[in-house]
Amino acid sequence: MVRLLEDMQSGDHAGEPVLVLANSADAGGLKKAADMGVATAVVDHRPFKGDRVAFEAALQAELDKVSPDILCLAGFMRVLTEGFVAPWEGRMLNIHPSLLPKYKGLHTHARALDAGDSEHGCTVHLVTPALDDGPILGQARVPIKENDTPDSLAARVLVQEHRLYPAVLRRFAAGDATPVQL
Ligand code: NHR
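Residues numbered from 1 in each chain as written. Predicted model: local features only at pLDDT ≥ 70, side-chain atom pairs only at ≥ 80, totals over all residues. Heavy atoms only, no water.

### Concerning the overall build of the protein chain
Okay, step 1: Check the secondary structure of the protein chain and you find six helices and seven strands.
Okay, step 2: Taken from N to C terminus, the helices and strands of the protein chain fall in the order α-β-α-β-α-β-α-β-α-β-β-α-β.
Okay, step 3: In terms of C-alpha radius of gyration, the protein chain reaches 16 Å, essentially the compact-globule figure of 16 Å for 182 residues.
Okay, step 4: Taking the principal axes of its C-alpha atoms as reference, the protein chain extends roughly 50 × 40 × 30 Å. (Helix = DSSP H or I, 4+ residues; strand = E, 2+ residues; numbered from the N terminus. Rg over C-alpha atoms; globule rule 2.2 N^0.38 Å.)

### Quick word on the side chain of His13
Okay, step 1: Considering the arrangement of structural elements, one finds His13 in the loop between α1 (2-9) and β1 (20-22).
Okay, step 2: Among the polar contacts listed, one links the side chain of His13 to the backbone nitrogen of Gly15, at a separation of 2.9 Å.
Okay, step 3: What His13 contacts, discounting residues up to four positions off in sequence, is Asp7, Met8, Leu169, Arg170 and Ala173. (Polar contact = N/O pair within 3.5 Å; in protein donor to acceptor, adjacent residues only side chain to side chain. Contact = heavy atoms within 4.5 Å.)

### Some points on the site of the ligand
Okay, step 1: The environment of the ligand is made up of 18 residues, and the closest members are Arg52, Val79, Leu80, Asn94 and Asp132.
Okay, step 2: At 3.1 Å from an oxygen atom of the ligand is found a side-chain nitrogen or oxygen belonging to His96.
Okay, step 3: Here the ligand, which alone exposes 730 Å², has 80% of that area covered by the protein.
Okay, step 4: Of the residues forming the shell around the ligand, the biggest block, three residues, is contributed by strand β4 (residues 92-96).
Okay, step 5: Each residue belonging to the shell around the ligand can be placed in one class, and the counts come to 11 nonpolar, four polar and three charged. (Near = heavy atom within 4 Å. Areas by Shrake-Rupley, 256 points an atom, 1.4 Å probe, with all protein chains shown as cover. Nonpolar A, V, L, I, M, F, W, Y, C, P; charged D, E, K, R; others polar.)

### So, the nonpolar core
Nonpolar side chains in soluble globular proteins tend to be buried together.
Okay, step 1: Core analysis: the biggest nonpolar cluster contains 27 residues, and Leu93, Val124, Leu137, Leu164 and Val168 have the highest contact counts within it.
Okay, step 2: Counting only elements with at least two residues in this core, the list comes to α1, β1, α2 (29-35), β4, β5 (119-126), β6 (136-143) and α6 (150-173).
Okay, step 3: Of all the elements, α6 adds the most residues to this core, at seven residues.
Okay, step 4: Apart from the residues within four sequence positions on either side, Leu164 is in contact with Ile95, Cys122, Thr123, Val124, Gly138, Gln139, Ala140, Val180 and Leu182.
Okay, step 5: By size, the runner-up hydrophobic cluster in this structure holds 13 residues, among which are Phe55, Leu80, Met92 and Val127. (Core = buried A, V, L, I, M, F, W, Y, C linked by side-chain atoms within 4.5 Å. Buried < 20%, exposed > 50% of the residue type's maximum accessible area, 1.4 Å probe, protein only.)

### Points about the sheet that holds β4
Whenever strands of a sheet pair, they do so through backbone hydrogen bonds, lying parallel or antiparallel.
Okay, step 1: With respect to topology, five strands assemble into an open sheet ordered β3-β4-β5-β6-β7, the strand pairing being mixed. Each having just a single partner strand, β3 (71-73) and β7 (180-181) make up the two edges of the open sheet.
Okay, step 2: Bridging between β3 and β4 involves three bridges; their strand directions are parallel. Each residue of the ladder has a partner; that of Leu73, found in β4, is Asn94.
Okay, step 3: Where α6 meets the sheet, it contacts β3, β4, β5, β6 and β7, and its direction lies at approximately 155° from that of β6. (Pairing = 2+ DSSP bridges. Axes fitted to C-alpha atoms, helices over the stretch in contact; angles between N-to-C directions.)

### Brief notes about the pairing of β6
Okay, step 1: With seven bridges joining them, β5 and β6 adopt antiparallel strand pairing. From the neighbouring strand, Val124 faces β6, where its bridge partner is Gly138.
Okay, step 2: Sheet topology places β6 next to β7; two bridges connect them, and they run parallel. Looking at β7, one finds that Gly138 is bridged to Val180.
Okay, step 3: Crossover handedness for the path β6 to α6 to β7: left-handed. (Right-handed = clockwise from strand over helix to strand, strands pointing away.)

Pasting the structure below:
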């Protein structure tokens, strides 16, 4: 998320950050965003006790205050229902730590290792109602090494996530949805 803000603030970018919205007041990105001069808000999902629709109405209310054109999920770990996703379809991006369509969902690094894969990576995709299933906007690959653990592999993928997501957002914000390959 910070890499997206940095890239937008570096100039020559069609996008401009208007809000960093988190579902936990503990999210480390909130302070970093505030330090960078970007507005922040929190909608904690916990008081909604599993009522996803009510939680999402509160998220949407925060978004309505700033009317963004594009929404980027970055480490956002709550599944979003179709009612929230539909109005944003084609304008909401997510980065997922696998080479989609492989390993949708959670625990992707362990699953790639368990499968004996020789490469892994990350994908930026458009968010649709089905999880990790939308059109692919970019991918970056990393080799899997013999002694990799889920943590060592996650660290190598994260380096690529920090390169890929800004590259995709830069292109997407300029109106170009051609996939980025790193
Ligand atoms: N929502 C929709 N409709 N479509 C997608 O593609 C989405 C989405 C919401 C989040 C991010 C995704 C990821 O990149 C994402 C993509 C969380 C879960 C999950 O199971 C799954 C996928 C992703 C994020 N969340 C649990 C839940 O009950 C909570 C898990 C936890 O708290 O650790 O929401 O990985």
